[in-house]
Amino acid sequence: MVDRGPWMDERNMATVDGQTRGSDDDGRMVDDAIGLDLDLDEIDDKEFDIPPVDNPPTLESILNAPDDDTDLHDGGITAGAAANSGLLLGTTIALQDEQGETGSLSSQEGILNDRPKKKNRKSVRYEQHGAILRHVVLKSAASQIASAADRVNSGLPTALAVSSVIAVGTSHGLVLVFDPKQVLKYCLGSTAVGTQFGAVSALSLNIDCTRLLCGFAKGQITMWDLSNGKLLRTVTDAHPPGSAVLHLKFTDDRTIAVMSDSGGSVYELSFKRLIGVRTCESQCLFSGSRGEVCVIEPLCIQRNVQEHPMKDVIMIAMASLSKILIVVIKPQLKAHYVHPLRGDAATLPLLSWQFVVIQVSDSNRVIDPVLAFARDQTIFYVQVTCRSFDDIKVTPLQKTELPYKLLAMTWINSRTMIVIDTSERAHMVDVRSKEELEVIDLLEVQLVYSTSFYKSLATGGNVSKALAYAGERACYQSLVMFNGQLVLLGTKGIHVLMLRTWLERIDALVKRSKYQEALNLAQSFYNGKAKGVVGLYGPLEKRKELIGKQLMMILHLYIDLAMTHLCPLRGKVEELEGYFQGVVTICVDHCLSMGQTDFLFGKIYDRFSEDPIAKGTYLECLEPYILNDMLTYITPSVMKDFVQHYEQKAMLSNVESCIIHMDIASLDIHQVVSLCWVHGLYDAIFYIYNQGIRDYTTPLEELLNRLIAVTSTGKQLTYEQVQLGNKVLVYISCCLVGRAYPTGDIPPELLATVRDEVLRCVSALHTPKHPDEEPVYPRLRSLVHFDTREFFNVLSLAFENPDLELEQKQRMVDILLQLMVEGTGFSPHQVGVLFTFLARQMAKHSNTIMVNRVLFEQVLESLCASGEDSRHEERHQALLELLHAGGLQHFDEDRLILMADEAKFFRVCETMHERRGHYHRILSCYWRDVARQMQIFAYISRVLTDGNVANEQKQLVKDEVLRNLEHLVKIDARKTAKLVLVTLNCPPSEAVKHVAGNEGMLFDFLQGVFTYREVSVSGGEDVSKKPLKLEPEICERYLELMCLKAPQNVCYFLRSDDSYRLQESLEICQRHRVTDAIAYLLERSGDIQGAFDLLMNELMRALKDEKRVEVKFDKMYDSIGVIIQLLQRNSHKLDKSQREGLWFPLLERVLAEQREAMRDQDRLDWKSVTRQVINAMMAYIPLSFVLQKVMSDPVYSMGRFGEMKDLLLGMLDTYNYEKTLLHTCANLINHDLHCQLTAFTASVGRAVVLRTDHCLLCSKTIGTLNNTDSVVCFQCGHSFHRLCLSSVTAVSLSSEEAKRWACFVCTKSSVRTQISVKPSSGLLSAAQKSSPAKQSENLADEAQLTAIENLRQSQKCPSRLAILSELVQRDRTGGKSNYRPYGYTSILQHEHFPLRVTAPPPP
């Protein structure tokens, strides 16, 4: 949808219907329509939330009540209100529901049975907009409609037309015409006509309200003269018979009307009078055979705008269920716009025209008609522009999506629309912003629906199902918009929705005691941000003046009530303060927005001053407005009270913040200055002196004297004293650069004077009335001692000012040199900061400052002097800054490096070496500097990868690294290894030579090398793609050093590394007697017996040497565990005799220790060790042999059953567990294999559905080649000729076997699919017929393999077969499983998977 920009500019809006005009000129552009002076009674119950009365008063009690001012006159309005409105009201008479052709939404249960109940429905009014719509009921007209139904059997209302009169059609064919006073003027027609023609289905009044057209349910049309009530025409042949008149509309031409019927056709009616005979000619504009038109809407130009380029054009909009058309009828029939419509089938299209002032450019505006058309939940807007009949354009403007389905829609003015949803709620929507302004519940209206007409029940129901279904919600004839009033036709009355004027909206809120909302609404009117504004005329200044007066009246009333009736009578102080804070905020906001500060500090302040709490709250509420510069002036009396109040509450910092935002004229300078000096409000002091009396030095002198007093003591400064010094420095900086403190700028005419006075004040030789012992330049001295660096930063900013004269700069430099270099009392750091400042100033191109070079040399020697270790870092930093500032450019660099090296100023040395390009000499600056040792590795890598460094310099760096490898190893061995092997790309053997002379250093370096390699293999380091390879000699050298320095780590190293030679490593370990490492190497070499004997001998030696029983038991338990693991890892490789030769000696050793423990009456659990050995060996030794060996031992052969009970039960449990596990594994394998084979068989036997009927390689149709050629069909649906596929895919098996191909299209998935090979003639090939048995045998074998593979790969979680496979792998690999599907974590490692297998039931 195209947006034409500000097509509805609220600043330049003119409401064409006569309600609101943006300016007088716009008002002259359009004429007001004829007003409808209705006798209205406003529904106040819902607006004022009046609850229903349970026991209504009786007629007798009302008649006997005394007269007073609240009596109702003529039907229920107060005398005052009646005098204002001039209306006479009748009483509402309830109607009995009759058997008619129309009904309200509430009476048609078949339409909406789920209609919400009344108690759950409420109108919605937004606080920022107030009550915009006014809902009134025409009680007098309603009573007369009910009376007509009783007296003449007129029937229920069915259609409505409104102009200067109100015409209501009924279900029995009558038309009741009311004048603006709701007096029945005519009753047109008769029940006899109603019996013949049916119900009135459509009404239309012409532009001057002299003719009335009536359409009937059976298709007839009548025309009435409203001047005398006579029938002028009866038209029976305007359209084909058998269809109801749905719409009937007059155009601007009094002789032309348009109509549509239930057949969906649209006709033009031309009324003529020839020789006294009235005729009507009909012409079909749109045939219902192309789509039934549901609604038509002509553009009435003369009623809205008298002079317009389209005044001679008759344009009509019509909409069907699928599209909308804009057609010109006169002067020539032509369609100008077509747009599709989509939506719910139960919704009808909606149309509404409105003339809108559209801003074309900054100086040009036009009044053009805008059509809003909608269906379901979407509204579209299009603009019609016309320069001539041949130049009519329709331009889309915007599109609006609503959260509810639409029932009806109409403009109420050029900015606002009223849309009614299917639950009968009227939504007032601002067109441009799409904001919902108000929601009115229309359930009580009981809208009249034209359902029977859209079903054409009176003529037999000969309509389409689509139109009948959508017509369930048709209410076109129940809503009429006239002169900004929406008239609604209900089953029991006529209701009107109209816009309140801006004053009425404010008064409605005031009457409901919503003063804050009333003030906010009035403020929105004042600011021009309100929506739906009616009743404001004239220029902007005049409108603001009018609104401002009303706003001040409400504000005055609100303040009086807030201080009396609305104020809480009792409560805590906090509650009262909160209440008054809300009131004061409202007053200040509105007064400031209108510039009414006199009223704010006059009547409002006087009113709040009557209460002490209210007064204090009022003064405190002014603070945020002052700080935000919204309030810069306060009357002196209020300001005096403001300062006193904050002083009493000890909130002087808030006062200071406010003073610097205030106008000096509103301050009592004497009171404020005295207060600021007493309480140290320095910002306020500077502000008052500078802005009030143009004095920039008096406050500075006083504050510098205070700073001298606190810095001369040598004590640590307090927070307040530090704050004082900081403010002085900032103030001096602002004055020297031309800025006012704390905000603003110094007047240009005062810049030079202020700068000179401030410099003279700071550099004064002595203070006025100084004592004799006062040192020279006390103010400069105090500033330097307070914060040296910040003081010289201030001077740097001042020296950059081109307006500062050279003499002033040189004078300041000479004074500082005399004070800090020739004088005493300053640290090296402070002197270094001074010379850094001087060096930076002298390095500038525009420098003309003269400084003796000898002073720089003296400073250099002083900073590099030894003996001041306490200030080493301070001197180091000072010299470094001086060097960077360029203050040492004229000194001998070699001498400077030597002095810095002796003083251990490593960063200075680094800077000098880097300037000279000696990168290799910088390395010593890092490893000698304890604080920066770890940075050396990053520095070396940066230098070696820097493209700006020459190759010769890089080689020097590499040589320096290798020569001083020991220093790097001491810092971090692993990083050193990475640096040497990766960054320097040095062979390990070459690197080892540089540290071979020191065994400890060599061990550390090799440990770093192997640690780095281990981390890189595990992914912890970003290394090159090639793995790090080490010579066996280096590994063996590292192994020998490890045997000497860390023998406990040897076995772990041997297990985690495989780059060593087995025999040489074994000899090294045997030479150094590392038992566990020797056993591991023997096991790797295949000597299981030797490893077993070694471990057993070590066990015997440990048990023999150890006398303490507890330690002996622990050592044996650990050693037995190691031996058991050794035997478990290798038992599957040995035969029966070899296994027995290993397990039985271990068991005998354990039993022997158990016998000895029993003899010594040892209470330790030696039996647990025995059970551990027996349980482990049962998997490799027959149970009978194990039991025989155990029973032959004296411990168990001569013991009682109780002593053997635990052992025997444990053996039986193990047996039952393994037996159950075996049966379970067999069942799982059989079940999984069966399921997979079943699925595979079903897949193979399933027919293949081809996606295309041609070969995907040659694009020829299947069967176009020779009949002997075969077609290859894959289960993925792709098909190929065998010859075509052979050219791109190799056959994996011989021609006599079942052939397997790969789908050429699906090759990316790497899935090979079993195919069906079919000859193009539909017969099996000879190869397939020759060996069916062999084929079936091959397929079965292949299916088994495929089923197992698919079981592993296709399932998201591991199958039961995979779990059992893992169990086997874990047993064979010593607890490590090799099978790991992608993304699979072993379920056996999950803490919630305990394997509990019970024994099978007894047979």
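Just so it is clear, the model here is predicted, and its values are computed rather than measured. (Residues numbered from 1 in each chain as written. Predicted model: local features only at pLDDT ≥ 70, side-chain atom pairs only at ≥ 80, totals over all residues. Heavy atoms only, no water.)

Q: Whenever I open this one, the packing of aromatic side chains confuses me. Can you help?
A: Any two aromatic rings considered together are summarised by their centre-to-centre distance and by the angle between their planes. Taken as a whole, this structure holds 26 aromatic pairs when the rule is applied. Look at F686 and Y741: their rings are 5.4 Å apart centre to centre, the planes differ by 90 degrees, and that puts the pair in the edge-to-face class. Residue F686 is located in helix α17 (residues 682-693), and its partner Y741 is located in the loop between α19 (719-737) and α20 (751-762); the two are separated by 55 residues in the primary sequence. An aromatic cluster is present here, built from Y579, F580, Y605, F608 and Y618 joined pairwise through their rings. Positioned over the ring face of Y526 is K544, at 5.1 Å from the centre of the ring. The positively charged end of R932 is found above the aromatic ring belonging to Y926, 4.5 Å away from the centroid. (Phe/Tyr/Trp six-rings, centres within 6.5 Å; stacked < 30°, edge-to-face > 60°. Helix = DSSP H or I, 4+ residues; strand = E, 2+ residues; numbered from the N terminus. Lys NZ or Arg CZ within 6 Å of the ring centre and 35° of its normal.)

Q: Would you mind going over the pattern of salt bridges with me for this structure?
A: Note that side chains of opposite charge can pair when their charged atoms are close. Tallying each qualifying case throughout the model produces 29 salt bridges. In this structure, the salt-bridge partner of E910 is R932, at a minimum N-O distance of 2.8 Å. Of this pair, E910 sits in helix α28 (residues 906-916) while R932 sits in the loop between α29 (919-927) and α30 (936-945); the two residues are 22 residues apart in sequence, bridging distant segments of the chain. Of the two residues examined, E910 and R932, each falls in the buried class. Connected through shared salt-bridge partners, D344, D376 and K405 make up one network. (Salt bridge = Lys/Arg side-chain N within 4 Å of Asp/Glu carboxyl O. Buried < 20%, exposed > 50% of the residue type's maximum accessible area, 1.4 Å probe, protein only.)

Q: Teacher, can you tell me more about the nonpolar core here?
A: Counting 152 residues, the largest nonpolar core has L555, I604, F608, Y618, I659 and F835 as its most contacted members. Leave out the neighbours within four places in its chain, and L555 touches L519, C587, C591, F599 and I604. Formed by 94 residues, the second largest nonpolar core is a distinct cluster that contains A977, V995, C1051 and F1053. (Core = buried A, V, L, I, M, F, W, Y, C linked by side-chain atoms within 4.5 Å. Contact = heavy atoms within 4.5 Å.)

Q: In this structure, what is going on with the sheet that holds strand β7 (residues 157-162)? I would like to understand it.
A: Strand pairing in a sheet relies on backbone hydrogen bonds, with the paired strands running either antiparallel or parallel. Read across the sheet, 4 strands follow the order β7-β8-β9-β10 without closing on themselves; strand pairing throughout is antiparallel. The outermost strands of the open sheet, each flanked by one partner alone, are β7 and β10 (184-188). Mean inter-strand twist for the sheet, computed between neighbouring axes without regard to direction, equals 20 degrees. Taken together, the 4 bridges between strand β9 (residues 175-178) and β10 define a ladder with antiparallel strand orientation. By the bridge assignment for β10, F178 is matched with L184. Across the sheet, helix α4 (residues 139-151) is in contact with β7, β8 (166-170), β9 and β10; its angle to β9 comes to roughly 150 degrees. (Pairing = 2+ DSSP bridges. Axes fitted to C-alpha atoms, helices over the stretch in contact; angles between N-to-C directions.)

Q: Which parts of the structure should I look at to understand unusual backbone geometry?
A: For residues other than glycine, phi is negative in most cases, and the peptide bonds are mostly trans. Across the junction of K330 and P331, the peptide omega takes the value 10 degrees, indicating a cis bond. For P331, the position within the fold is in the loop between β21 (323-330) and β22 (334-340). Omega for the bond connecting Y741 with P742 falls within 30 degrees of zero, at 5 degrees, which places this linkage in the cis form. Mapped onto the elements, P742 comes out in the loop between α19 and α20. Positive phi is not limited to glycine here, since A650 has a value of about 55 degrees. Counting through the fold element by element, A650 comes out in the loop between α14 (636-648) and α15 (652-659).

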